[in-house]
Amino acid sequence: MTKVLVWCENVQNKTQENVIAAYPEGMHNTLAGFLSADGGLSVTTATLDDPDCGVTDEKLAETDVVLWWGHVAHGQVPDAVVERLYGRVVTNGMGLIALHSSHFSKIFKRLMGTSCALAITKPGYGAEKLWTLLPGHPIARGIPNPVEIEAEETYNEYFDIPQPDELVFNAAFEGCGSFRAGAAYHRGRGKVFYFQPGHETYPVYRQKEVQEILLNAVYWAVGKARG
């Protein structure tokens with residue numbers, strides 16, 4: 001059984017009406033819900049509200065993959081938690097999947113070694129086409145090309161990340177250029193995948209194709225074939 005930890009800061013979900021409307025149960029619970037429906041995964045959640053952000057040595061020792069979503073509270077994650085995560089990825093081979101605005105999380109920047117800054121093109125939202133660049137990659141298994149997303153925040157280049165080991169998906173947004181939306185890396189013994197879709201005001205994580213990509217990514221991160 002692959003053990004998955006879904007981490008969300010869970011800040012805007014308490015106070016921002018359009019975020020609550022998109023994910024009334026909390027984004028972490030939405031993510032955990034469809035992941036838990038897969039019989040090969042055992043899924044738990046954690047947020048900023050938990051002691052040590054729910055990311056203790058004991059918890060990580062029993063975790064194979066972490067999905068990480070953050071936005072407005074990156075700075076509230078203690079450096080000790082970041083180093084704990086970093087060590088588990090690089091030394092122990094844990095997988096990490098950084099979601100959407102987690103491009104600017106402390107842990108993703110630590111793993112990448114760059115600023116991980118990007119551009120957001122006005123008006124800031126639009127339709128997205130997610131194009132598969134590596135159809136034979138395990139993360140792209142069974143995914144239509146392109147994936148059509150009705151509305152999403154419009155990320156744009158330049159995205160200050162290292163050259164991906166494997167660029168699985170590239171995004172094109174209405175009214176702006178392309179974006180490296182699905183970038184895979186090896187870091188020490190572990191694997192890291194950055195996946196762009198998932199702004200908090202749009203229910204993108206309810207879309208079946210997006211769910212399938214994330215399920216594929218979990219299995220890729222642990223080096224298992226998805227059944």
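Fair warning: this is a prediction, and the values are worked out from it, not measured in the lab. (Residues numbered from 1 in each chain as written. Predicted model: local features only at pLDDT ≥ 70, side-chain atom pairs only at ≥ 80, totals over all residues. Heavy atoms only, no water.)

We now examine the overall build of the chain. When helices and strands are tallied, the chain shows 7 helices and 9 strands. A globule of 227 residues ought to have a C-alpha radius of gyration of about 17 Å, and the chain, at 16 Å, matches this closely. Projected onto its principal axes, the C-alpha positions of the chain cover 45 × 40 × 35 Å. Out of the 227 residues belonging to the chain, those deemed buried represent 56%. Averaging the coordinates of the 19 positive side-chain charges in the chain and doing the same for the 26 negative ones gives two points 6 Å apart. (Helix = DSSP H or I, 4+ residues; strand = E, 2+ residues; numbered from the N terminus. Rg over C-alpha atoms; globule rule 2.2 N^0.38 Å. Buried < 20%, exposed > 50% of the residue type's maximum accessible area, 1.4 Å probe, protein only. Lys, Arg positive; Asp, Glu negative; His and termini not counted. Charge placed at Lys NZ, Arg CZ, Asp CG, Glu CD.)

This part covers the sheet that holds strand β7 (residues 166-173). Read across the sheet, 9 strands follow the order β2-β1-β3-β4-β9-β8-β7-β5-β6 without closing on themselves; strand pairing throughout is mixed. If you trace the sheet from one side to the other, it starts and ends with β2 (41-46) and β6 (147-156), each paired once. When the angles between neighbouring strand axes are averaged without regard to direction, this sheet yields 25 degrees. Relative to β2, strand β1 (residues 2-8) runs parallel, the two being bridged by 6 bridges. Directly across from L5, in β2, lies its bridge partner T44. Helix-sheet contacts for helix α3 (residues 27-36) involve β1, β2, β3 (65-69) and β4 (95-99), and the interaxial angle to β1 is about 160 degrees. Across the face of the sheet, helix α7 (residues 208-222) comes into contact with β1, β2, β3, β4, β5 (119-132), β6, β7, β8 (178-187) and β9 (190-195) while running at roughly 165 degrees to β9. (Pairing = 2+ DSSP bridges. Axes fitted to C-alpha atoms, helices over the stretch in contact; angles between N-to-C directions. Contact = heavy atoms within 4.5 Å.)

For the rest of this paragraph, the subject is a nonpolar patch on the surface. On the surface, W131, L133 and L134 cluster together to form a nonpolar patch covering roughly 250 Å² of accessible area. Residue position: W131 is located in strand β5. For W131, a relative accessible area of 35% gives the class partly exposed. (Patch = residues over 30% accessible without salt bridge, like charges linked within 9 Å, V, L, I, M, F, W, Y side chains within 5 Å. Areas by Shrake-Rupley, 256 points an atom, 1.4 Å probe, with all protein chains shown as cover. Salt bridge = Lys/Arg side-chain N within 4 Å of Asp/Glu carboxyl O.)

Below, the discussion takes up the nonpolar core. Core analysis: the largest hydrophobic core is formed by 75 residues, its most contacted members being L35, F169 and F193. If one sorts the elements of this core by residue count, α7 sits on top with 9 residues. The contacts of F193, once residues within four sequence positions are left out, are L96, I97, A98, I139, V168, F169, G182, A183, A184, I213, A217 and W220. (Core = buried A, V, L, I, M, F, W, Y, C linked by side-chain atoms within 4.5 Å.)

Here the focus is the packing of α3 against α7. For the pair α3 and α7, interaxial distance at closest approach is 10 Å and the crossing angle is 70 degrees. As summarised for this structure, α3 and α7 are arranged roughly perpendicular, according to the angle between their axes. Packed against α3, whose contacting residues are L31, F34 and L35, the element α7 presents Q211, L214, L215 and V218 at the interface. Looking at the contact of α3 with α7, its residues break down into 6 nonpolar, 1 polar and no charged. (Parallel < 35°, antiparallel > 145°, perpendicular 65-115°, else oblique. Nonpolar A, V, L, I, M, F, W, Y, C, P; charged D, E, K, R; others polar.)

Let us now look at helix α5 (residues 79-90). Spanning 12 residues, α5 covers 16 Å between terminal C-alpha atoms, matching the ideal 16 Å at 1.5 Å per step. As for α5, its buried residues are in contact with α4 (57-61), β3, β4, α6 (106-112), β8 and β9. (Expected span 1.5 Å × (residues − 1).)

Tallied over the full model, the rule gives 2 cavities of 30 Å³ or more. What the largest cavity holds in volume is close to 70 Å³. Of all the elements in the fold, those that place two or more residues in the lining of the largest cavity are α1 (12-15) and α3. Among the residues forming the lining of the largest cavity, the class breakdown is 5 nonpolar, 4 polar and 2 charged. Empty space within the second largest cavity amounts to approximately 40 Å³. As for the second largest cavity, its lining consists of W7, E9, W68, G70, A73, H74, V77, S105, K106 and I107. (1 Å grid on protein atoms, 1.4 Å probe; cavity = no way out; pocket = protein on both sides within 12 Å on 5 of 7 lines; lining within 4 Å. Points joined across faces, edges and corners; volume = space filled by probe spheres on them.)

When you tally the buried positions in β6, you get 7 out of 10 residues, the bulk of the element. Bridge count for β5 against β6 is 7 bridges, and the pairing is antiparallel. What sits directly across from K129, in β6, is E148.

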